[in-house]
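Observations on the model geometry
What follows is each chain in one-letter form.
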Amino acid sequence: MNKVDKHKEICERLNKLYAAKNKDYGDSFGKGFEEYGPIMPAIRLEDKLQRFKQLIKNEAEVKDESIIDTLMDLANYSIMTIIELEKDKEVS
């Protein structure tokens, strides 16, 4: 598989993960963004980045989240932030 195809496959996995988590959490990200603004995703992204840094340095005590899981969350948080930032443009 070439890198463009692999990118597409990862994006499809990201979308499935986003759909499932958004259903479970009830769009808490969008609601949090409306209430707190862009500082909210900055905090979530920072938390995930710190988790990534810890996972690459040390084996995790909690085994339910891998480096790839953490990176997928970082990617989805980034995309979700873009969605929220671009919502205002759609209304115009």
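Here the residue numbering is sequential within each chain, running from 1 through the sequence in written order. For a predicted model such as this one, the threshold for reporting local features is a pLDDT of at least 70, and the threshold for listing and counting side-chain atom pairs is 80 or more; totals across whole chains, interfaces and linings nevertheless cover every residue. Side-chain figures throughout are based on the complete set of non-hydrogen atoms in the structure, without hydrogens or water.

- Per an unreviewed UniProt entry, the protein carries the name DUF1599 domain-containing protein and comes from Clostridium neuense.

A closer look at the layout of surface pockets
- Definitions used throughout: a 1 Å grid over protein atoms alone; a cavity as a set of points that fits a 1.4 Å probe which cannot get out; a pocket as an open set with protein on both sides within 12 Å along at least five of seven lines; a lining residue as one with an atom within 4 Å of a point. Grid points are joined across faces, edges and corners, and a volume is the space filled by probe spheres set on the points. Volume-wise, the largest pocket comes out at about 270 Å³.
- Lining of the largest pocket is provided by 13 residues; of these, Lys21, Tyr25, Arg44, Tyr77 and Met80 occupy positions nearest its centre.
- Only DSSP runs of H or I reaching four residues or more are called helices, and only runs of E reaching two or more are called strands; each is numbered from the N terminus. When contributions to the lining of the largest pocket are tallied by element, the ones reaching two or more residues are helix H1 (3-25), helix H2 (28-36), helix H3 (39-57) and helix H4 (67-91).
- The greatest single-element share of the lining of the largest pocket, amounting to five residues, is contributed by H1.
- Under this grouping Gly is polar, as are all residues other than the nonpolar Ala, Val, Leu, Ile, Met, Phe, Trp, Tyr, Cys and Pro and the charged Asp, Glu, Lys and Arg. For the lining of the largest pocket, the class distribution of residues is six nonpolar, three polar and four charged.

Remarks on a nonpolar patch on the surface
- For patch building, the residue pool is restricted to those with more than 30% relative accessible area and no salt bridge; the joining distance is 9 Å between like charges and 5 Å between nonpolar side chains (Val, Leu, Ile, Met, Phe, Trp, Tyr). All accessible-area figures derive from a Shrake-Rupley calculation using a 1.4 Å probe, and residue coverage is judged against the displayed protein chains alone. Should a side-chain nitrogen of Lys or Arg be within 4 Å of a carboxyl oxygen of Asp or Glu, the pair is scored as a salt bridge. Judged by side-chain polarity, Tyr36, Ile39 and Ile43 come together as a nonpolar surface patch covering roughly 340 Å² of accessible area.
- Turning to its location among the elements, tyrosine 36 is positioned in helix H2.

Section: H3
- Any helix carries an expected span of 1.5 Å times its number of residues minus one. Between the first and last C-alpha of H3 there are 27 Å, a value that for 19 residues agrees with the 27 Å anticipated at 1.5 Å per step.
- Along H3, the residues that are buried comprise Met40, Pro41, Lys48 and Leu55. Viewed along the axis of H3, the buried residues span an arc of 95°, placing them on a single side of the element. For H3, the exposed residues lying more than 90 degrees away from the buried face are Ile39 and Lys57. Only protein chains enter the calculation, and the probe is 1.4 Å; a residue is then buried if its accessible area is under 20% of its type maximum, exposed if over 50%, and partly exposed in between. In this context, the arc is that of the directions from the helix axis out to the C-beta atoms.

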